Amino acid sequence: MRFIDVNDFFCEMLGYSRQELMGMTWPEFTHPEDLDTDLANYTQLLDGKINRLFRIKRHLSKDGSVIWVKLSVSPISNEDGSIKSLVVFVQDMSDEKRLEQALEDSLAFLERLLEAVPNPIWVKNTEGIFLTCNKAFEDYIGLPRDHIVW
C-alpha cells in the first residue's frame, strides 16, 4: 500500500520530503531486522486475523539513523468488509529508548562494581527480602546467590 497522506512530523522524523514519502512504501524505511515480523503482521491484518496492530519497532531515516517508534495500525473497511485503507499512528520513541539503554548501561556498571568490591555487600527491601548481593556475600554466607536473592 502506498501512502494517501503523511503529516509534517512524520516527514521531519524520517528526513524525507512529503513527495518522497508519498512515492515510498513502509518496507522501504523499516529496519531490516524488523521487516519479516512487520510483513507477517501486515499480512495478518489484511487477512482479518487481527483487527489492530500495535508494536514498538525501528524505522530508518533518510540518513540511515535508527528511529524507534510506537506504531498503531487500524484498518478502514469497505461495505463488503474488504480493507479500503489503513490508519497509522506513529510516535517517536527514540528518546525513551536512549534513556532505557543508559539505564541498562548504568545497572550493568553497578553490577560490575558490586562484584569488584571484596567486602560482602547485600541489599534488602523494607520487608527484609534480599534483592541483590555480591560474590563476597555469597562466600561469607556460604550459599549461592539463587538461594539468597528472591
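Coordinates for the structure precede this section.
So, a few notes on the structure that sits alongside this text. Worth saying up front: this structure is predicted, and the values here are computed from it rather than measured. (Residues numbered from 1 in each chain as written. Predicted model: local features only at pLDDT ≥ 70, side-chain atom pairs only at ≥ 80, totals over all residues. Heavy atoms only, no water.)

### Quick look at a nonpolar patch on the surface
Nonpolar side chains collect at one region of the surface, where Leu 103, Leu 107, Phe 109, Leu 110 and Leu 113 lie side by side and expose about 490 Å² of accessible area between them. One can find Leu 107 in helix α4 (residues 94–116). We classify Leu 107 as partly exposed; its relative accessible area is 43%. (Patch = residues over 30% accessible without salt bridge, like charges linked within 9 Å, V, L, I, M, F, W, Y side chains within 5 Å. Areas by Shrake-Rupley, 256 points an atom, 1.4 Å probe, with all protein chains shown as cover. Salt bridge = Lys/Arg side-chain N within 4 Å of Asp/Glu carboxyl O. Helix = DSSP H or I, 4+ residues; strand = E, 2+ residues; numbered from the N terminus. Buried < 20%, exposed > 50% of the residue type's maximum accessible area, 1.4 Å probe, protein only.)

### Examining the pattern of salt bridges
Applying the stated rule across the entire model yields 13 salt bridges. Residue Arg 55 pairs with Asp 34 through a salt bridge whose shortest N-O separation is 3.8 Å. With Arg 55 in strand β1 (residues 53–60) and Asp 34 in helix α3 (residues 32–46), the pair connects residues that are 21 residues apart, well separated along the chain. Given the relative accessible area of 17%, Arg 55 is considered buried. Across the pair Arg 55 and Asp 38 runs a salt bridge whose closest N-O atoms are separated by 2.5 Å. Residue Arg 55 is located in strand β1, and its partner Asp 38 is located in helix α3; the two are separated by 17 residues in the primary sequence. Here Arg 55 matches Asp 38 in class, with each residue buried. Through salt bridges with shared partners, a single ionic network connects Glu 33, Asp 34, Asp 38, Arg 55, Lys 57 and Arg 58.

### Thoughts on α3
For α3, which comprises 15 residues, the first-to-last C-alpha distance of 21 Å matches the rise-based estimate of 21 Å (1.5 Å per residue) to within 8%. All of the buried residues in α3 are Asp 34, Asp 38, Asn 41, Tyr 42 and Leu 45. Packing partners of the buried residues in α3 comprise β1, β2 (66–77) and β3 (83–92). Within two residues after α3, Gly 48 carries a phi angle of roughly 80°, on the positive side. (Expected span 1.5 Å × (residues − 1). Contact = heavy atoms within 4.5 Å.)

### Focus on the environment of Trp 150
Structurally, Trp 150 is set in the segment after α6 (145–148). Look at Trp 150 and you get exposed, because its relative accessible area is 82%.

### Brief notes about the sheet that holds β2
If you walk across this open sheet you meet the 3 strands as β1-β2-β3, and the pairing is antiparallel. Edge positions in the open sheet fall to β1 and β3, since each of these has one partner strand only. Taking each pair of neighbouring strands and ignoring which way they run, the sheet shows an average axis angle of 35°. Of the pairings in the sheet, the one linking β2 to β3 comprises 9 bridges and is antiparallel in character. Looking across to β3, one finds that Val 69 is bridged to Asp 92. In the packing of α3 onto the sheet, contacts are made with β1, β2 and β3, and the angle to β1 comes to roughly 145°. Strands β1, β2 and β3 of the sheet are contacted by α4, whose axis makes an angle of about 135° with β2. (Pairing = 2+ DSSP bridges. Axes fitted to C-alpha atoms, helices over the stretch in contact; angles between N-to-C directions.)

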